[in-house]
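# A structural walkthrough
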Amino acid sequence: MKSLNKRLQHFWAEEKSLTVLFLILVLHIFVIVPLGQHTLFGHIIFLIFYATLLSAGIFLLIKNSTLRIVAIFIVVLLVLLSTDILFKSALFEVVDDFVVVLYCILLSWVVLLRTFSEGPITIHRIQGAVVVYLLIGLIFASSYHAIYLLNVETAFKGLSSADRKEFMYFSLTTLTTVGYGDISGGIASARSLANLEGLIGQLYPAILIARLVSMEFESSKNK
């Protein structure tokens, strides 16, 4: 058990752990969430990937193994409480959204620190920068979902359902500034968040990712 724990600690201390986090995040956002949660099977698959994504980040955020176990237990419990598998509660879903937002902000900060730390720029670091970009989309999707739960009737226009895939879709089209217009904010807070996300979606790739790629070119040239 101790050797397995040491192996996990060693793995998550390496840069390739950023690639694993990237793959989990891509699968969650572009495969699992769009499939929806209309059936029990859909709920279970969503929960598995949701808990996996949160637990994977915990290994980056928390170094103490005991605290990791406690944090993962809390995350799994929170995920279960925020779904209608056990019971339906809008309050728990709102709390879950705010916890996910806080968690993703902290995880983004840790990933950025590792991405721009000293040392050669690798493909793993570039994927780490993309991880933060995708986490931004997840942060705003959870924020939109919380706003919807607090203002069900007026929060958004054009929603076909209250499924999380609708908010993830709206978040990504806003982040990438595609803006199809099929879904739009109906209240001031939703519109302000959408404007902020669109601004971040423009500036983040132009400044941080472009800077990272240029650093990689300089590193390759020096070699």
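Residues numbered from 1 in each chain as written. Predicted model: local features only at pLDDT ≥ 70, side-chain atom pairs only at ≥ 80, totals over all residues. Heavy atoms only, no water.

### Section: the pattern of salt bridges
- Inspection of the entire model under this criterion finds three salt bridges.
- Where Arg125 meets Glu15, a salt bridge forms, and the shortest distance between an N and an O atom there is 2.7 Å. Within this pair, whereas Arg125 is found in helix H6 (residues 123-150), its partner Glu15 is found in the loop between helix H1 (2-13) and helix H2 (16-35), the two being separated by 110 residues in sequence.
- By relative accessible area, Arg125 is classed as buried at 2%.
- A salt bridge links Asp97 to Arg164, with the nearest nitrogen and oxygen atoms 3.0 Å apart. Of the two residues, Asp97 is situated in helix H5 (residues 90-115) and Arg164 in helix H7 (residues 164-175); the sequence distance between them amounts to 67 residues.
- By relative accessible area, Arg164 is classed as buried at 15%.
- Via salt bridges that share partners, Asp96, Asp97 and Arg164 belong to a single interconnected network. (Salt bridge = Lys/Arg side-chain N within 4 Å of Asp/Glu carboxyl O. Helix = DSSP H or I, 4+ residues; strand = E, 2+ residues; numbered from the N terminus. Buried < 20%, exposed > 50% of the residue type's maximum accessible area, 1.4 Å probe, protein only.)

### Looking at a nonpolar patch on the surface
- Taken together, the side chains of Leu27, Phe30, Val31 and Leu35 present a nonpolar region at the surface, about 380 Å² in accessible area.
- Here Val31 lies in helix H2.
- Classification of Val31 by relative accessible area gives partly exposed; the value is 38%. (Patch = residues over 30% accessible without salt bridge, like charges linked within 9 Å, V, L, I, M, F, W, Y side chains within 5 Å. Areas by Shrake-Rupley, 256 points an atom, 1.4 Å probe, with all protein chains shown as cover.)

### As for the packing of H2 against H6
- For the pair H2 and H6, interaxial distance at closest approach is 8 Å and the crossing angle is 35°. Considering only the axes of H2 and H6, their crossing is left-handed. Taken together, the residues of H6 that come into contact with H2 (itself represented by Lys16, Leu18, Thr19, Leu21, Phe22, Leu25, Val26, Ile29 and Phe30) are His124, Arg125, Gln127, Gly128, Val130, Val131, Leu134, Leu135 and Leu138.
- Looking at the contact of H2 with H6 residue by residue, the class counts come to twelve nonpolar, four polar and two charged. (Axes fitted to C-alpha atoms, helices over the stretch in contact; angles between N-to-C directions. Left-handed = near helix turned anticlockwise from the far one by under 90°. Contact = heavy atoms within 4.5 Å. Nonpolar A, V, L, I, M, F, W, Y, C, P; charged D, E, K, R; others polar.)

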